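Residues per chain, in single letters:
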Amino acid sequence: MPLAVYILGLSVFALGTSEFMLSGLLQPIAEDMNVSIPRAGLLISAFAIGMVVGAPLLAAATLRLPRKTTLIALITVFGLGQIAGALATDYAVLFASRIISALACAGFWAVGAAVAIAMVPVSSRARAMAVMIGGLSIANVLGVPAGAFLGEHLGWRSAFWAVAAASAIALVGVLTRIPHIPLPETKPRLKQEVAIYRDRQVLLQVAIVALAAGGVFCAFSYLAPLLTDVAGLDKSWVSGVLALFGIGAVIGTAIGGRFADAHLFGVLLTGITASTVFLVALAFLASSPAAAITLAFLLGVSAFYTAPALNARMFNVAGAAPTLAGATTTAAFNLGNTGGPWLGGTVIDSGLGFASPAWAGAAMTAVALGATALAVKLHKSPSRVVTSGGVRERKAVSSR
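If you're wondering where the values come from, they're calculated on a predicted model, not measured in any experiment.

Colleague: Explain the overall build of the protein residue by residue, including any values.
Modeller: Within the protein one finds 15 helices and two strands. Counting every position in the protein, which comprises 400 residues, the buried fraction comes to 59%. Sequence-distant contacts in the protein: of pairs separated by 6 or more residues, those separated by 24 or more amount to 83%.

What follows is the structure, encoded as structure tokens:
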């Protein structure tokens, strides 16, 4: 695996910490900004919305720009967005800073994924994506709990300053270690890449990614109040349980990346099924501290176990448009990360309690499981795919 792929993974650590650290900061932010916890939870959705819009938009806008220069610009803007969040004086400014940071984060993910995929053979795509996603997993192990710890002891703004510092370190890594990636001799054409959206398997994969991710993060976004208000744990436990989720994420990413290249659909089906079972169990057993802690770990394993396969599948069905394929995956994940927290906040506002997002999340992952079964069926039959010369029929190939 090229060193540059690992550098991209390290950069994703800063991005992922910012994206998910609010799960452990909702209560102090809500108190400081004088808003409800569900409204503070919309800051998570704001970041995800920025990712949904920013990934395809920035991928298209930078299609013909040098890859390394684009990565440098995006990680710089991201870091400045963290500083703006740390200095925010009201909810509206903080909300805007989250969207700006998310746009830069989305662009970095999309371009970075395309660069990683371009540097490895087809048979190693899932492994390459596992390295990048590993940065996200480590963010959940170290970054998110550290953010919760800082928020509890030094105020939530200190977490934003810490991510800004991590972004500066990532910038140095990109400057010094990412090689110059030459653009293809035939310049990419946006119209040609956009044609991937005429393939039903691409659209179905978008739905699978969004539902699988959204289901888990519907519950994860409100894990802190579930632990304190339902399971009865002290606030000091929150950062440790978030770290446990992250440890599960690291384990899941490693296992999923190991098997996804050879057993892509097997990983998807087993991983999404496991997430559904764990979410239902969390809804039933939320009042038990031991069960809540254990299930937080297991959800980290199952969610990230499927992540390399979800990414690799998108590049397989949209391989003729690698930049937009990466952007589409990023947008799909964050479509789920937008809808999940929104749905979780909605059921809480309806008076169903902090355990209710686990039920809502289980419903989302159950639909994702059905969509995956449909994808297996379509994979065995001819479908339209996009090639450099246009759209043609693809013959059925054996399902892995």
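Colleague: Lay out the environment of V141 with the relevant residues and their values.
Modeller: Here V141 shows up in helix α6 (residues 125-154). In this structure the C-alpha to C-alpha distance between V141 and G240, which are 99 residues apart in sequence, comes to 9.1 Å.

Colleague: I'd like a description of helix α12 (residues 264-285), backed by residues and values.
Modeller: Over its 22 residues, α12 extends 31 Å from the first C-alpha to the last, a length consistent with the 32 Å expected when each residue adds 1.5 Å. Along α12, the residues classified as buried are L264, F265, V267, L268, G271, I272, S275, T276, F278, L279, L282 and A283. On its buried face, α12 is in contact with α9 (200-220), α10 (223-230), α11 (236-259), α13 (289-317) and α15 (356-379).

Colleague: Got a sec to walk through the nonpolar core? Specific residues and values, please.
Modeller: One broad rule of soluble globular proteins: the nonpolar side chains tend to lie buried together. Of all hydrophobic cores here, the largest spans 125 residues; its most connected members are W109 and L226. Ignoring anything within four residues of it in the chain, the contact list for L226 reads A231, L282, A286, A292, F354 and A355.

Colleague: Please give an account of the pattern of salt bridges that cites residues and values.
Modeller: Within this structure, the stated rule accounts for one salt bridge. Notably, a salt bridge pairs D32 with R157, separated by 3.4 Å at the nearest N-O pair. With D32 in helix α2 (residues 26-33) and R157 in helix α7 (residues 156-177), the pair connects residues that are 125 residues apart, well separated along the chain. We classify D32 as partly exposed; its relative accessible area is 43%.

Colleague: Kindly report on a nonpolar patch on the surface, identifying the contributing residues and their values.
Modeller: Together, I247, I251, I255 and F259 make up an exposed nonpolar region whose accessible area comes to about 300 Å². With respect to the secondary-structure elements, I247 resides in helix α11. I247 gets classed as partly exposed once you look at its relative accessible area, which sits at 36%.

Colleague: A description of the packing of aromatic side chains should follow, citing residues and the corresponding values.
Modeller: How two aromatic rings sit relative to each other is given by the distance of their centres and the angle of their planes. Evaluation of the coordinates by the stated rule reveals seven aromatic pairs. Geometrically, the ring pair formed by F245 and F304 is edge-to-face, given 6.3 Å between the ring centres and 80° between the ring planes. On the criterion of sequence distance, the pair formed by F245 in helix α11 and F304 in helix α13 is long-range, its members being 59 residues apart. On the basis of relative accessible area, F304 is assigned to the buried category, the value being 4%. Here the aromatic cluster, defined as three or more aromatic residues joined through ring pairs, consists of F217, F220, F245 and F304. Positioned over the ring face of Y91 is R39, at 4.3 Å from the centre of the ring. The ring of F259 carries the charged tip of R258 above its face, separated from the ring centre by 5.4 Å.

Colleague: A description of the packing of helix α1 (residues 3-20) against α7 should follow, citing residues and the corresponding values.
Modeller: Contact pair α1 / α7: the axes reach a minimum separation of 9 Å and the direction vectors enclose 165°. Here α7 runs roughly antiparallel to α1, going by the angle between their axes. With respect to the hand of their crossing, α1 and α7 are arranged in left-handed fashion. Of the residues in α7, those in contact with L3, A4, I7, S11, A14, T17 and S18 of α1 are V163, A166, S167, A170, G173, V174 and R177. Tallied by class, residues from the contact of α1 with α7 come to eight nonpolar, five polar and one charged.

Reading the values: rules and limits
Residues numbered from 1 in each chain as written. Predicted model: local features only at pLDDT ≥ 70, side-chain atom pairs only at ≥ 80, totals over all residues. Heavy atoms only, no water. Helix = DSSP H or I, 4+ residues; strand = E, 2+ residues; numbered from the N terminus. Buried < 20%, exposed > 50% of the residue type's maximum accessible area, 1.4 Å probe, protein only. Contact = heavy atoms within 4.5 Å. Expected span 1.5 Å × (residues − 1). Core = buried A, V, L, I, M, F, W, Y, C linked by side-chain atoms within 4.5 Å. Salt bridge = Lys/Arg side-chain N within 4 Å of Asp/Glu carboxyl O. Patch = residues over 30% accessible without salt bridge, like charges linked within 9 Å, V, L, I, M, F, W, Y side chains within 5 Å. Areas by Shrake-Rupley, 256 points an atom, 1.4 Å probe, with all protein chains shown as cover. Phe/Tyr/Trp six-rings, centres within 6.5 Å; stacked < 30°, edge-to-face > 60°. Lys NZ or Arg CZ within 6 Å of the ring centre and 35° of its normal. Axes fitted to C-alpha atoms, helices over the stretch in contact; angles between N-to-C directions. Parallel < 35°, antiparallel > 145°, perpendicular 65-115°, else oblique. Left-handed = near helix turned anticlockwise from the far one by under 90°. Nonpolar A, V, L, I, M, F, W, Y, C, P; charged D, E, K, R; others polar.

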